[in-house]
Structure formats: C-alpha cells, structure tokens
Amino acid sequence: MPSEVCVSNPMRVLISGASFAGLATAFWMTRLGHKVTIVEAAAGLRRGGTPVDITGETIDILRRMGMLDAVLAKALPPRGFDFKDENDATLGGFTAETGERDPATARYEIHRDDLLDILFAAIDGAIDMRFQRSIRQLSDNASAVTVTFDDGAQEQYALVFGCDGNRSNTRALAFDDAETASYFMGGYFYLRVVPETGLLPGDTSQLFSVPGKSAMLNGYHDRTDICLAFRAERPIAYDFRDKAAQRRLIREQFEGIGWKVPAMLAHVDTEGDFYFDQANQIRMQTWSTGRIALVGDAGYCVSPLAGMGGSIALIGAARLADALAQHPGDHAAAFQAYETGLRPFVEAVQERAATNGMSMLFPADEAELAERNRRLRDGTIDL
Ligand SMILES: Cc1cc2nc3c(=O)[nH]c(=O)nc-3n(C[C@H](O)[C@H](O)[C@H](O)COP(=O)(O)OP(=O)(O)OC[C@H]3O[C@@H](n4cnc5c(N)ncnc54)[C@H](O)[C@@H]3O)c2cc1C
C-alpha cells in the first residue's frame, strides 16, 4: 500500500490526459515521490457528462486518497431507476436506496465535474500541469522514453502513462495493436445535459425501449440528461465534426417513437454541446510496452453501458501505484503485476456490459425486449 510511501528513487513521470485516470495516477505518483508532468490536449479540465458511480473498491481507494469525505459531501441523493412502457407505466426497476448504507454494497453518485475538482485540488501545485499540449512522438529505449511534444520540444522521462481516454493518443503512438483495439458493441448513443426539463421527477432515471432503440432520462434537481441510443450491426460512416448531420441521424432514428421521445427530440434540435459516439470498448493484448503503460479508458474502456468508466480509471491508477510500490526499481515487473491483477476484473465488466448490459438496457429485437420485460415482471433483472 503506497499511500504514504516515498520511494528512494524519484523518477520523472509523464502523464497524457487530465481526467480521472490521469489526475488519480498523478496523485499516486507524487505520493510515491516522483516528479510528475501532465499534458492535456484541452484548454482546461474537460467538464460535463453524466455522474460517476462510486462503489466497491473505489470507496476504499478514495478513503486511502483522503478524499472520501469530500466525495460523500458532494454525493447525489439516492436515485431510483424505472423501466417504462409507452403509456409511462412502470414495468419494473430499482428503488432508491434509503437509510444507512451497508459499506459493502453502498453505491454513491457524484457529478463528474465535482469529482474532477476534488482530484485536481489534491495535486494542484505539486505537479507540472501543461494544458493545450500533447505528445507527438514517443521513443522508448532501455533507460528512458524520449518524448517529442506537439510544440517540438523534447524531454526524457523514466515512465510514461497514457491516460488519454477511449481515443488514446499514447495507445496510437506506442502500441502495435492500437488500430484493432476498439471493439464495436453494435450501437450508437447520443447524450445531452440540459437545464431541468420537468420531464421526470428529480433523483430518478427512466428508460423506454422499442426493439433496437432506447430513450433514457436522468432527472436531477437542476438538470436533465437526455440519452438516446440505437443499434447498428456495423459502424456507420459519418463526419464526427458535422454536428448537424449527427442531429439529423438521431432524429431519423427516433422520429415516430412514442413515450417522451418527441419532447426529447426537441432538445436534440436546439444548438448546444452534446456527445454522439459509438458504444465501444478497448480490448488490448497488453496494457504496457517498455516504459509506457495505459490507465483507464485508454487501455481498457468498458463503455458507458457498464456505468463504471470513472471508477475503473480510479481503480486502475491505484492498482498501478500499488504495483510500482511493490516492485521498486522494476517497472516491468510492476506493469506485469498491475495487469495480471486487474485484467480479470476488467474483462468480467466488459463481458457483462457487452452481453447483459446491452440486452437489458438496449434490447436488439422483439425477443430480447420480451425477455427483458419478463425479467422486470419477475424481479430478476440485474444490471
Ligand atoms: C468530457 C467528457 C464527458 C464524458 N461524459 C461521459 C458520460 O456522460 N457518460 C459516460 O459513461 N462516460 C463519459 N465520459 C467518459 C468517462 O468519463 C470515462 O469512462 C472515464 O472518465 C474514464 O476516465 P479516463 O481518465 O480514462 O478517460 P477520459 O475521461 O476520457 O479522459 C481522457 C482525457 O485525455 C485527454 N486527451 C485526449 N487526447 C489527448 C491527447 N492527445 N493529449 C493529451 N490529452 C488528451 C482528454 O481531453 C481527457 O481530458 C466522458 C469523458 C469526457 C472526457
């Protein structure tokens, strides 16, 4: 357990990406006594998105990081999850947990931005933070990694951690299987966060499905998440810069569908930031090469279907730090231990999201929808 350990051999460590994986890895590396630089492509921390789940091992990790109280102070009220039919009748679901939570099964949610702020506050001033900067080239040799940045500067680092998300730059620059690592799960999703809409009560989520399409609303006191997802057998070609074309695509997919979908589509039509992407996972043969290792979505994105992207990034950073503390001076053994220890858990989460998660939240056809609804009636649904 490295939480208070200072190693005798401080190293220069470079991290690409300043989100959950990057900030948490930076936290642990400074605790291990290393000198940390982060490069982040964006001009500041990238904000927005749906809340992050905090459960299981993540609770212990936040406690070890000294952040649990700050996280619990910002935790959202417990939320219920209802599956709806087109008349808005509830087919089944999960009620909000109330009362004292059992630490073994407790589950908290916190807004993405609040968790980012807590993580950043813990390392601000202790690291060399460089926004609007990214890596152009990595040259790994036995004793160090020579890094060329996008401004042409060159520096040497003992270790480099790719924490740069689903479309990781580090993965593309350093790993042979980068091009084949993305596993298409068979669908696309649109997400937009808008001010509170009145479409559903606060502290609830609602999901409505027809074969091959699902519409989900998350209600909070100050905002509503609008999520629309549709199945596709194979990746579809679209220009990821052409936002108007993506809006049209969503409208074509959901036009004529009942429940609250027409009201949701009205928000699709208005200008404003939204996410539209394929549901995918990152499945790598190995998470490290030489002195370079991947953490979080960069190495093992589990997809939004798993609902665990943020917490797995925190777990990955802590497990990596534990492994480095257990193998001082031997990064190869540490990277091996990190991967051996964490891979079975990640693969189980990925498998579950790609099978059970897809068929329960996002049934492909009439048969899957009927089976999902049967499990709702029987109370045997499990996400
Ligand atoms: C803005 C945003 C909103 C999100 N919203 C949701 C959501 O609503 N629901 C959901 O399930 N998941 C969402 N995610 C993904 C989810 O947060 C991740 O699964 C989880 O945060 C994993 O964390 P990560 O640090 O591994 O990757 P990410 O959170 O994706 O962070 C990667 C970081 O690397 C940076 N980066 C990318 N390329 C480069 C580069 N070339 N050089 C330097 N830095 C780079 C990015 O700007 C980003 O800050 C979102 C991610 C982001 C960035």
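Here the structure is a predicted model, which is why all the values come from computation and not from measurement.

## Focus on the site of the ligand
Inspection of the region around the ligand gives 28 residues, with Ser19, Ala21, Glu40, Thr50 and Asp297 positioned closest. At a separation of 2.6 Å, an oxygen atom of the ligand approaches a polar side-chain atom of Glu40. Note that a nitrogen atom of the ligand is positioned 3.1 Å from one of the backbone N or O atoms of Ala41. Its free accessible area being 920 Å², the ligand has 84% of it covered by the protein chains. It is helix H9 (residues 309-326) that contributes the most residues to the shell around the ligand, three residues altogether.

## A closer look at the sheet that holds strand E18 (residues 292-294)
The strand order across the open sheet formed by six strands is E7-E2-E1-E11-E18-E17, and the pairing between neighbours is mixed. Sheet topology places strand E7 (128-131) and strand E17 (288-289) at the edges, where each strand pairs with a single neighbour. Of the pairings in the sheet, the one linking strand E11 (residues 159-162) to E18 comprises three bridges and is parallel in character. Residue pairing across strands places Phe161 opposite Ala293, the latter belonging to E18.

## Some remarks on helix H7 (residues 261-269)
Every buried residue of H7 is accounted for by Val261, Met264, Leu265 and Val268. Angularly, the buried residues of H7 cover 100° about the axis, an arc narrow enough to put them on a single face. Looking at the packing, one finds that the buried side of H7 touches strand E12 (182-195), strand E13 (204-210), strand E14 (213-219), strand E15 (223-231) and helix H6 (243-254).

## Quick word on the packing of aromatic side chains
One pair of aromatic rings is described through two measures. These are the centre distance and the angle between the planes. In total, this model carries 15 aromatic pairs according to the counting rule given. Relative to Tyr157, the ring of Phe149 has its centre 6.5 Å away and its plane inclined at 85°; by these criteria the two rings are edge-to-face. Across the pair, Tyr157 and Phe149 agree in class, each one buried. Plain terms: the ring middles of Tyr188 and Tyr238 are 6.1 Å apart, the flat faces sit at 75° to each other, and that makes the pair edge-to-face. Taken together, the residues span a long stretch of sequence, with Tyr188 in strand E12 and Tyr238 in the loop between E15 and H6 at a distance of 50 residues. On the basis of relative accessible area, Tyr238 is assigned to the partly exposed category, the value being 27%. Each member of the aromatic cluster is reached from another via a ring pair, and the members are Phe184, Tyr188, Phe230, Tyr238 and Phe276. Stacked on the ring of Tyr183, the Lys or Arg Arg283 has its end atom at 3.7 Å from the ring centre.

## Here's the deal with the pairing of E14
Most of E14 sits inside the fold, with seven of its seven residues counted as buried. Judged by which residues are buried, E14 turns out to be covered on both faces: Lys213, Ala215, Leu217 and Gly219 on one side and Ser214, Met216 and Asn218 on the other are all buried. Two strands pair when backbone bridges link them, and E13 and E14 are joined in this way by seven bridges, in the antiparallel orientation. Paired with Phe208 across the two strands is Ala215, which belongs to E14. The antiparallel hairpin formed by E13 and E14 contains two residues in its connecting segment, where Gly212 sits at a positive phi of about 85°. By the bridge criterion, seven bridges tie E14 to E15 in an arrangement that is antiparallel. Each bridged residue has a counterpart across the sheet, and for Ser214 the counterpart in E15 is Ala229. Taken together, E14 and the strand that follows it, E15, pair antiparallel across an intervening segment of three residues.

## As for the side chain of Glu40
Within the secondary structure, Glu40 sits in strand E2 (residues 35-40). Put simply, Glu40 is tucked away with no salt bridge, and the nearest opposite charge, on Arg46, sits 5.5 Å away. Those residues in contact with Glu40, other than ones at most four positions away along the chain, are Gly17, Ala18, Arg46, Met129, Arg130, Phe131, Gln132 and Arg133.

## Thoughts on the pattern of salt bridges
On inspection of all chains with the given rule, the structure shows 25 salt bridges. We note a salt bridge from Glu109 to Arg79, for which the minimum N-O separation is 2.9 Å. Taken as a pair, Glu109 in strand E6 (residues 107-110) and Arg79 in the loop between helix H3 (68-73) and strand E4 (80-84) lie far apart in primary sequence, 30 residues in all. Accessibility classification places Glu109 together with Arg79 in one group, the buried group. In this structure, Lys84 engages Asp88 in a salt bridge whose closest nitrogen and oxygen atoms are separated by 3.9 Å.

## Observations concerning the sheet that holds strand E16 (residues 275-282)
Strand order in the open sheet formed by seven strands is E5-E4-E13-E14-E15-E12-E16, and the pairing between neighbours is mixed. One side of each edge strand has no neighbouring strand; the edge strands of this open sheet are strand E5 (90-94) and E16. Averaged over all adjacent pairs, the angle separating strand axes in this sheet is 25°, with direction ignored. Two strands pair when backbone bridges link them, and E4 and E5 are joined in this way by four bridges, in the antiparallel orientation. Residue pairing across strands places Phe81 opposite Phe94, the latter belonging to E5.

## Some remarks on the environment of Ala353
Locating Ala353 in the fold gives a position in helix H10 (residues 331-361). Residues Ala353 and Val302, 51 residues apart in the sequence, show an inter-C-alpha distance of 7.4 Å. If we skip the residues at most four places from it in the chain, Ala353 touches Met185, Gln281, Val302, Ser303, Leu305, Ala306 and Met358.

## Examining the side chain of Arg372
Residue position: Arg372 is located in helix H11 (residues 366-378). For Arg372, which is buried and forms no salt bridge, the nearest opposite charge comes from Glu368, at a distance of 8.9 Å. Among all residues touching Arg372, those that are not within four sequence positions of it are Phe83, Leu207, Ser209, Ser359, Met360, Pro363 and Ile381.

So, how was this worked out
Along each chain, the written sequence defines residue order, and numbers are assigned to residues from 1. It should be noted that, the model being predicted, local features are given only for residues of pLDDT at least 70 and side-chain atom pairs only at 80 or more, the latter also being counted only at that level, while totals for whole chains, interfaces and linings use all residues. With hydrogens and water excluded, all non-hydrogen atoms of the structure serve as input to the side-chain values. It suffices for a single heavy atom of a residue to lie within 4 Å of a molecule or strand for the residue to be listed as near it. Any N or O atom pair separated by 3.5 Å or less is treated as a polar contact, with the protein-specific requirement of one donor-capable and one acceptor-capable atom, and with residues adjacent in sequence counted only for side-chain atom pairs. Residue burial considers only the protein chains on display, and all accessible areas are found by Shrake-Rupley using a 1.4 Å probe. Helix and strand definitions follow DSSP, with helices as H or I runs of at least four residues and strands as E runs of at least two, each counted in order from the N terminus. Strand pairing is assigned whenever DSSP detects at least two bridges linking the two strands. Exposure is judged per residue with a 1.4 Å probe applied to protein chains only, and the accessible area is read against the type maximum: over 50% gives exposed, under 20% gives buried, and values in between give partly exposed. It is the directions from the helix axis to the C-beta atoms whose arc is reported. Residue contacts are defined here by distance: any two heavy atoms, one from each residue, within 4.5 Å place the two residues in contact. Here a pair means two rings of Phe, Tyr or Trp (six-membered ring of Trp) with centres within 6.5 Å. Their orientation is stacked below 30 degrees between planes, edge-to-face above 60, and tilted elsewhere. To sit over a ring, a charge needs its Lys NZ or Arg CZ within 6 Å of the ring centre and within 35 degrees of the ring normal. By the counting scheme adopted, Arg and Lys are positive, Glu and Asp are negative, and His together with the chain ends is not counted. A side-chain nitrogen of Lys or Arg and a carboxyl oxygen of Asp or Glu constitute a salt bridge if their distance falls within 4 Å. All axes here are fitted lines through C-alpha atoms, helices being fitted over the stretch that makes contact, and every angle between N-to-C directions spans 0 to 180 degrees.

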